[in-house]
Amino acid sequence: MKQLFIKQKVFSLSGKFTVKDQHENDVYFVEGSFMQIPKTYSIMDTARNEVALITKKVLSLLPKFYVEVEGQEVLTIQKELSLFKARYSVNAVGVEIEGNWWDMQFAVKQHGEVIGQVSKEWFTWGDSYKVEVLKDDMEKIIIAIVIAIDCVKADQDAAASV
């Protein structure tokens, strides 16, 4: 099992942050596009090679995000029409998310087998998440899922504050 930690900087306009391992070593770098349409987040390895890309669809009635890992679309997150509370659906090929993903307490499963666990770290400055990867070849997908869900949440918070 591998543990990774995502800690975002609270006042970063560009959306730059790192994913670290349990020894505080950088594993991935995340950079959001600033003042760019469509809004994207690029996940890069330590050699600065892009391993995943999150893109917000521009012309859409309801917000929709696409997640690509190594050039393959693996996930979409779409806001659903609802009257009272914001609801989103997560669609992934061969992967399901079980638990409260809106509060960042969930398991990532592949064909019924848990391949990752995500939990929000409370009492920290900024958003911090602990990610446990149980299947090494799914690490990039799990990290992309966590960052994509966080993007959706940030987008929702920004829309609510207007």
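Bear in mind the structure is a predicted one, so any value in this text is a computation, not a measurement.

Chemist: Would you take a moment to explain the side chain of Lys109 for this structure?
Modeler: Considering the arrangement of structural elements, one finds Lys109 in strand E10 (residues 105–110). Contacts of Lys109, omitting those with residues within four sequence positions, involve Gly94, Val95, Glu96, Glu98, Val114 and Ile115.

Chemist: What's the story with the nonpolar core in this structure? I'm lost.
Modeler: As a rule of thumb, nonpolar side chains are buried together in soluble globular proteins. Ranked by internal contacts, the top residues of the largest apolar core, which has 41 residues, are Ile43 and Ile147. At 11 residues, the largest contribution of residues to this core is made by helix H1 (residues 139–160).

Chemist: Got a minute to help me understand a nonpolar patch on the surface in this structure?
Modeler: Taken together, the side chains of Ile37, Val58 and Leu59 define a hydrophobic patch exposed on the protein surface, amounting to about 370 Å² of accessible area. Its place among the elements puts Leu59 in the loop between strand E5 (50–56) and strand E6 (64–69).

Chemist: I keep staring at the pattern of salt bridges and nothing clicks. Help me out?
Modeler: Applying the stated criterion across every chain, the model contains six salt bridges. Glu70 is the salt-bridge partner of Lys140, the closest N and O atoms lying 2.6 Å from each other. Residue Lys140 is found in helix H1, and its partner Glu70 is found in the loop between E6 and strand E7 (72–80); the two are separated by 70 residues along the sequence. Lys140 gets classed as partly exposed once you look at its relative accessible area, which sits at 29%. Glu132 is the salt-bridge partner of Lys130, the closest N and O atoms lying 3.5 Å from each other.

Chemist: Sorry if this is basic, but what is going on with the pairing of strand E4 (residues 40–45) here?
Modeler: Counted residue by residue, E4 has five buried out of six residues, so it is predominantly covered. Summarising the sheet, E4 and E5 pair through five bridges and their orientation is antiparallel. Considered in E5, the bridge of Tyr41 is made with Ile54. Taking the residues between adjacent antiparallel strands as the criterion, E4 and E5 are bridged by four residues, where Arg48 takes a positive phi near 65°.

Chemist: When you look at the confidence of the model for the protein in this model, what are you seeing that I'm missing?
Modeler: As a general rule, the predicted coordinates of low-pLDDT regions are not to be interpreted in detail. Considering every residue of the protein, the mean pLDDT works out to 83; 87% of them sit at 70 or more. Taken element by element, the predicted model of the protein shows its lowest mean pLDDT in strand E8 (residues 87–92) (76) and its highest in strand E11 (residues 113–120) (94).

Chemist: I'm lost on unusual backbone geometry in this one. Help?
Modeler: The phi torsion of most residues other than glycine is negative, and most of the peptide bonds are trans. Positive phi, close to 70°, is recorded for Glu24, a residue that is not glycine. On the basis of relative accessibility, which here comes to 59%, the residue Glu24 falls in the exposed class. At Arg48, a position not held by glycine, the phi torsion is positive, near 65°. Considering the arrangement of structural elements, one finds Arg48 in the loop between E4 and E5. Judged by its relative accessible area of 44%, Arg48 falls in the partly exposed class.

Chemist: Quick question: what am I supposed to make of the pairing of strand E2 (residues 17–21) here?
Modeler: Taken residue by residue, a regular strand's side chains alternate between the two faces of the sheet. The two faces of E2 differ: Phe17, Val19 and Asp21 on one face are buried, but Thr18 and Lys20 on the other face are not. As paired elements, strand E1 (residues 2–7) and E2 share four bridges and run antiparallel to each other. Directly across from Phe5, in E2, lies its bridge partner Lys20. Here E2 runs beside strand E3 (residues 26–32); their pairing, made up of four bridges, is antiparallel. Counted as the bridge partner of Phe17 is Val30 from E3.

The rules behind each value
Residues numbered from 1 in each chain as written. Predicted model: local features only at pLDDT ≥ 70, side-chain atom pairs only at ≥ 80, totals over all residues. Heavy atoms only, no water. Helix = DSSP H or I, 4+ residues; strand = E, 2+ residues; numbered from the N terminus. Contact = heavy atoms within 4.5 Å. Core = buried A, V, L, I, M, F, W, Y, C linked by side-chain atoms within 4.5 Å. Buried < 20%, exposed > 50% of the residue type's maximum accessible area, 1.4 Å probe, protein only. Patch = residues over 30% accessible without salt bridge, like charges linked within 9 Å, V, L, I, M, F, W, Y side chains within 5 Å. Areas by Shrake-Rupley, 256 points an atom, 1.4 Å probe, with all protein chains shown as cover. Salt bridge = Lys/Arg side-chain N within 4 Å of Asp/Glu carboxyl O. Pairing = 2+ DSSP bridges. pLDDT = per-residue confidence, 0-100.

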